[in-house]
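So the chains spell out like this:
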Amino acid sequence: MTVLDRTTPLHTEPTRTSTSAAGKAQRAARPIGLGLALAALATVVWSGSFVTSRALADSVPPIQHAFWRWIIAIAAVAPFAARQTWRQRALLRKHLRFLLLAALLGVTIYNTLVNQAGVTTTAGNMGMIMAASPVLMAVYERLGGAKLGARRVTGMLIACAGVLVLVSGGSLSMDFAVGDLWVIAGAVSFGSYSALLKRKPAEIGGLPFLFATFTLGALMLLPVFVVSLVVQGGFEPTAGTVSPLLYVGVVSSAIAFFAWNKAISIIGAARAGVIYYLQPVCVALLSFAVLGEAMGWLQVLCMGLILGGVVLGSARTK
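The rules we used
Residues numbered from 1 in each chain as written. Predicted model: local features only at pLDDT ≥ 70, side-chain atom pairs only at ≥ 80, totals over all residues. Heavy atoms only, no water. Helix = DSSP H or I, 4+ residues; strand = E, 2+ residues; numbered from the N terminus. Buried < 20%, exposed > 50% of the residue type's maximum accessible area, 1.4 Å probe, protein only. Contact = heavy atoms within 4.5 Å. Areas by Shrake-Rupley, 256 points an atom, 1.4 Å probe, with all protein chains shown as cover. Phe/Tyr/Trp six-rings, centres within 6.5 Å; stacked < 30°, edge-to-face > 60°. Core = buried A, V, L, I, M, F, W, Y, C linked by side-chain atoms within 4.5 Å. Expected span 1.5 Å × (residues − 1). Bend = angle between axes of the 7 residues up to and from the residue. Axes fitted to C-alpha atoms, helices over the stretch in contact; angles between N-to-C directions. Parallel < 35°, antiparallel > 145°, perpendicular 65-115°, else oblique. Left-handed = near helix turned anticlockwise from the far one by under 90°. Patch = residues over 30% accessible without salt bridge, like charges linked within 9 Å, V, L, I, M, F, W, Y side chains within 5 Å. Salt bridge = Lys/Arg side-chain N within 4 Å of Asp/Glu carboxyl O. Nonpolar A, V, L, I, M, F, W, Y, C, P; charged D, E, K, R; others polar.

### Some details on the overall build of the protein chain
Then step 1. Counting secondary structure elements, the protein chain contains 13 helices and zero strands.
Then step 2. Of the regular secondary structure in the protein chain, the N- to C-terminal order runs α-α-α-α-α-α-α-α-α-α-α-α-α.
Then step 3. Per-residue burial over the protein chain gives 46% buried out of 318 residues.
Then step 4. Nonlocal contacts in the protein chain, meaning residues at least 24 apart in sequence, comprise 89% of its contacts between residues at least 6 apart.
Then step 5. Accessible surface, the protein chain: about 15,600 Å² in total, of which carbon and sulfur atoms supply 68%.

Quick look at the structure:
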């Protein structure tokens, strides 16, 4: 009996340790799963915004589209974020430069360029070109001192080749459509915004950050909006214009940006960027179903190049 009493703890302790380790592993996996789900939600929702940009191109001027999008987004976020933003007003003033840069890249510039692109290019092209933006995250990592392996560099080159073939129509004559160039500029802006989120001060809450950047971005758009209103005139508020604006303002801005920012805070920009590669497929399906845009062999080939390249280029090196 003495031997049994002495040896019993020796058998039970590893079991407790193993159970504890398994519990920790399960708890660690939960945030990763949540981060991937949030990134997927933002990606699918943003795919719809490319379709709306194309659909509204003939009825709502791009600048006015962008401006009203953010006004609606501010109104949607305000009930949940206004009180927290007021409490953190001193902290927001302290990091005003960071907030201005984030608002400029993610709010003022990015979506305005995408809206402008919708005038002269297809929603499918916009989605496929934007899929190359995560490659910029790898570039920023390199500028920050991280080493890029041969696999990552090869992947970036493949993705860039896919973009070049797509926007040139397969001729590589560098005769790009104007809309494709606008999207490339938008991809640079979004990639820079996503990389910048890694430097977001941890003490700033997610909702105050959204409310502040939305407001600052709309204020920076205001002078250009007034010029567009004077030169181009306004648009007729109908169900065909108001409904898409409500979608991009509430769902594609307030909800999707919160989900994307939260995903990056949980799993990082590189892993969230992998989910973002699903966007061309979502945009192609939506543009085919909603707008009736055809998908030719060139688009399919370029989609494969871009998706393969960005996945390879953003893979972690051992």
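### A short note on the environment of Ala37
Then step 1. In this structure, Ala37 sits in helix α1 (residues 2–55).
Then step 2. As for Ala37 and Ile275, which are separated by 238 residues in sequence, their C-alpha atoms are 9.0 Å apart.

### Focus: the packing of aromatic side chains
Then step 1. Going through the model one piece at a time under the given rule, you end up with 13 aromatic pairs.
Then step 2. Geometrically, the ring pair formed by Trp46 and Phe257 is edge-to-face, given 5.1 Å between the ring centres and 75° between the ring planes. Residue Trp46 is located in helix α1, and its partner Phe257 is located in helix α10 (residues 239–267); the two are separated by 211 residues in the primary sequence.
Then step 3. Judged by relative accessible area, Trp46 falls into the buried class, the value being 1%.
Then step 4. Its relative accessible area of 1% is what places Phe257 among the buried residues.
Then step 5. On the numbers, 5.1 Å between centres and 40° between planes, the contact of Tyr110 with Phe190 is tilted. With Tyr110 in helix α4 (residues 96–117) and Phe190 in helix α8 (residues 178–196), this pair connects stretches of sequence that are 80 residues apart.

### Focus on the nonpolar core
Then step 1. Counting 58 residues, the largest nonpolar core has Trp46, Trp70, Met130, Phe209, Phe214 and Trp260 as its most contacted members.
Then step 2. Within the second largest apolar cluster, six residues are counted, among which are Leu56, Ile72, Phe235 and Leu245.

### Notes on α4
One full turn of an α-helix is made of 3.6 residues, so residues set three or four places apart face in the same direction.
Then step 1. Along its 22 residues, α4 runs 30 Å from first to last C-alpha, staying within 8% of the 32 Å computed at 1.5 Å per residue.
Then step 2. Maximal helix bending in α4 amounts to about 40°, located at Leu104.

### Regarding the environment of Leu101
Then step 1. Checked against the element boundaries, Leu101 lands in helix α4.
Then step 2. Sequence separation of Leu101 and Leu196 is 95 residues, and the distance between their C-alpha atoms is 8.7 Å.

### Thoughts on the packing of helix α9 (residues 206–232) against α10
Then step 1. The geometry of α9 relative to α10 is characterised by a closest axis approach of 10 Å and an angle of 125° between their N-to-C directions. In this view, α9 runs oblique relative to α10, as classed from their interaxial angle. Here the hand of the crossing between α9 and α10 comes out right-handed. Contacts between α9 and α10 pair Gly206, Leu207, Phe209, Leu210 and Phe214 from the former with Ser253, Ala254, Phe257, Phe258 and Asn261 from the latter.

### A closer look at a nonpolar patch on the surface
Then step 1. On the surface, a cluster of nonpolar side chains totalling about 570 Å² of accessible area is made up of Leu219, Leu222, Val226, Val227, Val230 and Val231.
Then step 2. By the secondary structure assignment, Val231 is in helix α9.

### Some points on the side chain of Thr112
Then step 1. One can find Thr112 in helix α4.
Then step 2. Given the relative accessible area of 12%, Thr112 is considered buried.
Then step 3. Aside from chain neighbours lying at most four places away, what touches Thr112 is Ile63, Ala66, Val107 and Leu221.

### A closer look at the packing of α4 against α9
Then step 1. Close contact between α4 and α9 brings their axes to 8 Å; oriented N to C, the two are set at 65°. In this structure, α4 crosses over α9, and the sense of that crossing is right-handed. Along the contact surface, α4 presents Leu96, Phe98, Leu99, Leu100, Ala102, Ala103, Leu104, Val107, Thr108 and Thr112, while α9 presents Phe209, Ala212, Thr213, Phe214, Leu216, Gly217, Ala218, Met220 and Leu221.
Then step 2. For the contact of α4 with α9, the class distribution of residues is 15 nonpolar, four polar and no charged.

### Brief notes about the environment of Gly127
Then step 1. Secondary-structure assignment places Gly127 in helix α5 (residues 123–130).
Then step 2. Owing to a relative accessible area of 0%, Gly127 belongs among the buried residues under this scheme.
Then step 3. Distance in space between the C-alpha atoms of Gly127 and Ala187 is 9.9 Å, their sequence separation being 60 residues.

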